[in-house]
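# Commentary on secondary and tertiary structure
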Amino acid sequence: MTAYFKEIISGTWSLFVGLGITIVYFFKPVVTLQYPHETLPMTPRYRGHIDLVWDEVRGTNKCIVCNGCMKACPSNCITLAGEKAEGGKGKVLTQYTLDFTKCSLCGLCVEVCPTEALDFSKEYNLAGFDEKDYVFDLLKRLEAKHS
Amino acid sequence: MFFIDAELIRLLAFVLGVIGFVALNAAYLVWLERKEAGHIQRRIGPKEVGPFGLLQPLADALKLMTKNLITPDGVDPILFKIAPILVMVPAIMSFVTLPFSDTLVARNLDVGLLAVFAFASINVLGLLLGAWGSRNKYAVISAARVVSQNVAYEIPMLVIIVTLVMITGTLNLHEIVTLQTGGFWHWNVLKFSASPLMPVAFIIFFICMLAETNRAPFDMAEAESELVAGAFTEYPGMGFGVFFMGEYANIVVGTSLATILFLGGWDCPLGLFPGVHWFLIKMYALIFVVIWIRWTYPRTTFYGLLNLSWKILIPVAFFNLILTSAMLKVF
């Protein structure tokens, strides 16, 4: 009989304890980030898709068209083309496309590059309706950023 | 000259007012529920549609109304269509006799309390018919649970009501409130001269009210993790919407009744400025608690639910009844 009353009292008490916990949480500030309206600062080592690096001294990209990245890529998603530089030695980059639908973000292209012409971008808002939206022309991106 | 009876205008005003009040509450309690649930889980809740998400109920209603009203194969077409109405209409009917303030009452019936309980019991019938008419095994299981749950919880509730009627000596809701006016120490919840267990009686009434309106933690009718959506499984679009609104309308009726019976209706706690605003403040405070409880406790098991009623609530309610009658006889 005492166990019966004890259970009623301890049970009721535990219910009020539960209510106390939730009401405390009710008045605590919200912790969710309202993503499209606000974003967290980007971490410096974030690895998005690759991007060409701007050479401040020469005022162009750093690529020497060695094709190292194209050969290193395990997914075959990099295509690049170059032509003989006018009046000098070496080659100039004319086209650099990245097929991001195949890219696995392994970063081997960035590691293999002898002139550090490649880097990871901080792009992550990458939703789209078409496969073609993900074939990036990186040379055009670089020029758009520095024009 | 065309003559309109003043009584007719009054009646029309009350019909429109009550339907408007119920519809507005049904819509905005959903918003309140989602906001409160959000903040308890440290989220924001609806915020995109209108300022503070205040237009969210309109968007929801629009979405439900654009949906096709399918009547599935094999359902009983009459029962299937009549069930949502049977849940919604009694809730609105109960407002006929609920007094909001000293003067704001549609019809002050002498058996008002009885009328409210008579209407409230139709709610279960609506769920039962809807579930049976759906011809869905989950719906039928849900209906069986709801009926046994409501039978179990109507007993302690009515025993508490009998106790209350013994104290007040009337079934007229207006008179019950009038007897409690003059400050919070006159309210039935603190009427220790009648029975020292009155706060317990209030808690029992509140628990039974939660069970009768099928609110969590007693939402056996719509145990979504076990029974898909229980009695509402086969209902598309606005058929489901009406059930949903009926649930919130029933919560409004239940909390209004708790306010009238135990918390002094429109009476101010300190005896100053009584009026309809006090009624609404108390009612919405109780609704806040109802939602707070839903987002605190998980759903009980079915056996736990029936054990609570038959082993704890009913004995305590009967003990309170005997104690009250003894105290009324002695003092």
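Quick caveat: nothing in here was measured; it's all calculated off a predicted structure. (Residues numbered from 1 in each chain as written. Chains lettered and ligands numbered in written order. Predicted model: local features only at pLDDT ≥ 70, side-chain atom pairs only at ≥ 80, totals over all residues.)

## As for the overall build of chain B
The helix and strand inventory of chain B stands at 12 helices and 0 strands. Each helix and strand of chain B, placed in order from N terminus to C terminus, yields the pattern α-α-α-α-α-α-α-α-α-α-α-α. In terms of C-alpha radius of gyration, chain B reaches 20 Å, essentially the compact-globule figure of 20 Å for 331 residues. Projected onto the principal axes, the alpha-carbon positions of chain B cover approximately 65 × 65 × 45 Å. A separation threshold of at least 6 residues defines the contact pool for chain B, and within that pool the share at least 24 residues apart is 76%. (Helix = DSSP H or I, 4+ residues; strand = E, 2+ residues; numbered from the N terminus. Rg over C-alpha atoms; globule rule 2.2 N^0.38 Å. Contact = placed C-beta atoms within 7 Å.)

## Structural notes on the overall build of chain A
From N to C terminus, chain A includes 4 helices and 7 strands. Start at the N end of chain A and walk to the C end: the helices and strands fall as α-β-β-β-α-β-β-α-β-β-α. Each principal axis of the C-alpha distribution contributes one length, and for chain A these read about 100 × 30 × 30 Å. Counting over 147 residues, chain A shows a buried share of 14%. Excluding contacts between residues fewer than 6 apart, the proportion of contacts in chain A whose partners are at least 24 apart in sequence is 70%. (Buried ≥ 20, exposed ≤ 12 C-beta atoms within 10 Å, placed from the backbone.)

## As for the nonpolar core
Residues Leu127(B), Ile160(B), Phe205(B), Cys208(B), Ala249(B) and Ala258(B) are the most contacted members of the largest nonpolar core, which totals 81 residues. For this core, the element with the highest residue contribution is helix α10 (residues 237-262) of chain B, accounting for 14 residues. Each residue touching Phe205(B), except ones within four places of it in the same chain, is listed here: Met157(B), Ile160(B), Ala258(B) and Phe262(B). In terms of nonpolar packing, the next biggest core, distinct from the first, is built from 18 residues, Ile50(A), Tyr96(A), Cys109(A) and Ala117(A) among them. (Core = buried A, V, L, I, M, F, W, Y, C linked by C-beta atoms within 7 Å.)

## Considerations on the packing of helix α6 (residues 137-168) of chain B against helix α8 (residues 198-212) of chain B
All names here are of chain B. Two numbers describe how α6 lies on α8: the axes approach to 9 Å, and their chain directions differ by 150°. You can see that α6 and α8 cross each other, and the crossing is left-handed. Side by side, α6 and α8 meet where Gln149, Asn150, Tyr153, Pro156, Met157, Ile160 and Thr163 of the first sit next to Ala201, Ile204, Phe205, Cys208, Ala211 and Glu212 of the second. Per-class residue counts for the contact of α6 with α8 are 9 nonpolar, 3 polar and 1 charged. (Axes fitted to C-alpha atoms, helices over the stretch in contact; angles between N-to-C directions. Left-handed = near helix turned anticlockwise from the far one by under 90°. Nonpolar A, V, L, I, M, F, W, Y, C, P; charged D, E, K, R; others polar.)

## Notes on the domain arrangement of chain A
Many analyses report the size of an interface as the accessible area lost when the parts associate. Split into domains, chain A comes out as domain 1 (1-31) and domain 2 (50-145). For domain 1 of chain A versus domain 2 of chain A, the distance between C-alpha centres works out to 60 Å. (Domains from an automatic or database assignment.)

## Focus on the pairing of strand β4 (residues 78-84) of chain A
All names here are of chain A. Two elements, β4 and strand β5 (residues 91-99), share 7 bridges in a ladder whose sense is antiparallel. When the sheet's bridge partners are listed, Thr79 is paired in β5 with Thr97. In this antiparallel pair of consecutive strands, β4 and β5, the connection spans 6 residues, and Gly87 shows a positive phi of 65°. (Pairing = 2+ DSSP bridges.)

## Observations regarding the interface of chain B and chain A
The partner chain A presents 11 residues to the 10 residues of chain B that form the contact. Partitioning the side of chain B that touches chain A into residue classes produces 6 nonpolar, 2 polar and 2 charged.

## Some points on the sheet that holds β4(A)
Residues and elements named next belong to chain A. With antiparallel pairing, 3 strands are arranged side by side in an open sheet as β4-β5-β7. Of all strands in the sheet, those bounded by a partner on one side alone are β4 and β7 (135-137). Neighbour-to-neighbour, the strand axes of this sheet turn through a mean angle of 20°, independent of strand direction. Where β5 meets β7, 3 bridges bridge the pair, whose relative direction is antiparallel. From the neighbouring strand, Asp99 faces β7, where its bridge partner is Val135. Packed onto the sheet, helix α4 (residues 138-145) meets β5 and β7 and runs at close to 50° relative to β7.

## Remarks on the packing of helix α1 (residues 6-40) of chain B against helix α11 (residues 276-294) of chain B
All names here are of chain B. For the pair α1 and α11, interaxial distance at closest approach is 10 Å and the crossing angle is 50°. Comparing their axes, α11 and α1 come out oblique. In this structure, α1 meets α11 at a crossing whose hand is right-handed. Here Leu29, Leu32, Glu33 and Glu36 of α1 come into contact with α11, specifically with Ile287, Ile291 and Trp292. (Parallel < 35°, antiparallel > 145°, perpendicular 65-115°, else oblique.)

## Section: helix α3 (residues 77-94) of chain B
Residue and element names in this part refer to chain B. Spanning 18 residues, α3 covers 27 Å between terminal C-alpha atoms, matching the ideal 26 Å at 1.5 Å per step. Within α3, the axis deviates most sharply at Ala83, by approximately 30°, and proline Pro84 lies no more than four positions further along. Check the buried side of α3 and you find it contacts α1, α4 (112-120), α5 (122-134) and α10. (Expected span 1.5 Å × (residues − 1). Bend = angle between axes of the 7 residues up to and from the residue.)

## A short note on the environment of Ile260(B)
Residues and elements named next belong to chain B. Among the structural elements, Ile260 can be located in helix α10. Residues Ile260 and Arg299 lie 39 residues apart in sequence; the distance between their C-alpha atoms is 28 Å. Discounting chain neighbours no more than four positions away, the residues touching Ile260 are Leu98, Pro99, Leu173, Ile176, Val177 and Gly265.

## Overview of the confidence of the model for chain A
Predicted confidence across chain A gives a mean pLDDT of 86, with 100% of residues reaching 70 or more. Confidence, expressed as mean pLDDT per element, reaches its minimum in chain A at strand β3 (residues 60-61) of chain A with 82 and its maximum at helix α3 (residues 108-112) of chain A with 90. (pLDDT = per-residue confidence, 0-100.)

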